[in-house]
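For reference, the chains in residue letters:
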Amino acid sequence: MLAALTALPSAAQAMLMEYTDQASFLAAIESSYLFDDFDGESGQTSIVTGGPENGYAYSAEASSDDLFFANVTGNADNPALTTFTAGPTIEITFTGAPVTAVGGFFFPTNINGNVFTGTITLDFNGGGSDSLLNPGVSTFSGFTSTVPLAGLSIDTQACASTSCYPALDNFYVGAAATTSDAPVPATAALLALGVVGIGLRRAATLSGQGQDQGRLPG
């Protein structure tokens with residue numbers, strides 16, 4: 001069912017369409033895209049780059065400290081990209097062809113790699129923002145935009161604990177389909193530029209206790 005529709009009066013309004021079903025998202029974007037599952041990655045690093053693949057590329061950094069590749073409990077496709085310490089935002093900059101479609105699994109974890117109850121906030125630089133309530137490792141979120149997106153910020157400031165780490169896996173970067181018959185699924189929600197659209201999610205029951213400290217390697 002249609003989750004939400006929020007609009008602001010504006011002469012030039014950028015819109016995001018949200019997909020909570022991975023198959024529907026893939027059907028709504030061009031078939032050539034960048035896909036990164038982070039397989040084979042491990043340890044701590046200051047920057048992560050993806051691509052170029054089909055013309056798309058990105059670079060990712062943490063707002064402070066470093067990024068980290070961690071195995072997450074229940075995640076079928078480990079590892080996931082996260083941060084080395086709790087709190088920093090994952091800052092992604094798109095450096096290749098214009099990006100109008102982004103998707104993946106976005107969720108908060110604790111230091112032990114357990115999914116944490118809390119809200120993940122996605123800020124699409126140049127295209128609005130969305131808050132994901134209690135997403136889990138199998139909660140997919142995909143977005144298409146009417147304007148190119150400069151980047152994406154992923155943070156856990158609204159997480160239930162200060163010892164919370166943002167995580168990302170199975171990352172898609174590409175372009176929204178330009179054909180007139182591109183599908184508009186019933187799971188989609190339109191979000192206005194600059195408005196935080198609250199995407200309702202099935203509440204995750206996973207919990208865990210972590211400390212605000214660096215992750216252990218391995």
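No experiment lies behind these values; they were computed from the predicted model shown.

### Quick notes on the environment of Ile120
Topologically, Ile120 is positioned in strand E10 (residues 118-125). Ile120 sits in the buried class, given a relative accessible area of 0%. Other than its neighbours up to four places away in sequence, Ile120 contacts Phe106, Phe107, Pro108, Asp130, Ser131, Leu132, Pro135, Ile154, Asp155, Thr156 and Pro166.

### Things to note about the state of the cysteines
The full count for this structure, using the stated rule, is 1 disulfide. Between Cys159 and Cys164 runs a disulfide, and the two sulfur atoms are separated by 2.0 Å. Disulfide Cys159 to Cys164: torsion about the S-S bond roughly 55°, handedness right-handed. Like Cys164, Cys159 is buried.

### A word on the pairing of strand E9 (residues 101-109)
Of all 9 residues making up E9, 9 are buried, and the element is well covered by its neighbours. Where burial is concerned, the two faces of E9 agree: the one with Ala101, Gly103, Phe105, Phe107 and Thr109 and the one with Val102, Gly104, Phe106 and Pro108 are both buried. The pairing of E9 with strand E12 (residues 140-145) spans 5 bridges and is classified as antiparallel. Bridged to Ala101 within E12 is Thr144. Bridging between E9 and strand E14 (residues 165-174) involves 8 bridges; their strand directions are antiparallel. By the bridge assignment, Phe105 is partnered in E14 with Asp169.

Procedures and definitions
- Residues numbered from 1 in each chain as written.
- Predicted model: local features only at pLDDT ≥ 70, side-chain atom pairs only at ≥ 80, totals over all residues.
- Heavy atoms only, no water.
- Helix = DSSP H or I, 4+ residues; strand = E, 2+ residues; numbered from the N terminus.
- Buried < 20%, exposed > 50% of the residue type's maximum accessible area, 1.4 Å probe, protein only.
- Contact = heavy atoms within 4.5 Å.
- Disulfide = S-S within 2.5 Å.
- Pairing = 2+ DSSP bridges.

Note that every value here comes from positions in space, so none of it alone points to a role or purpose.
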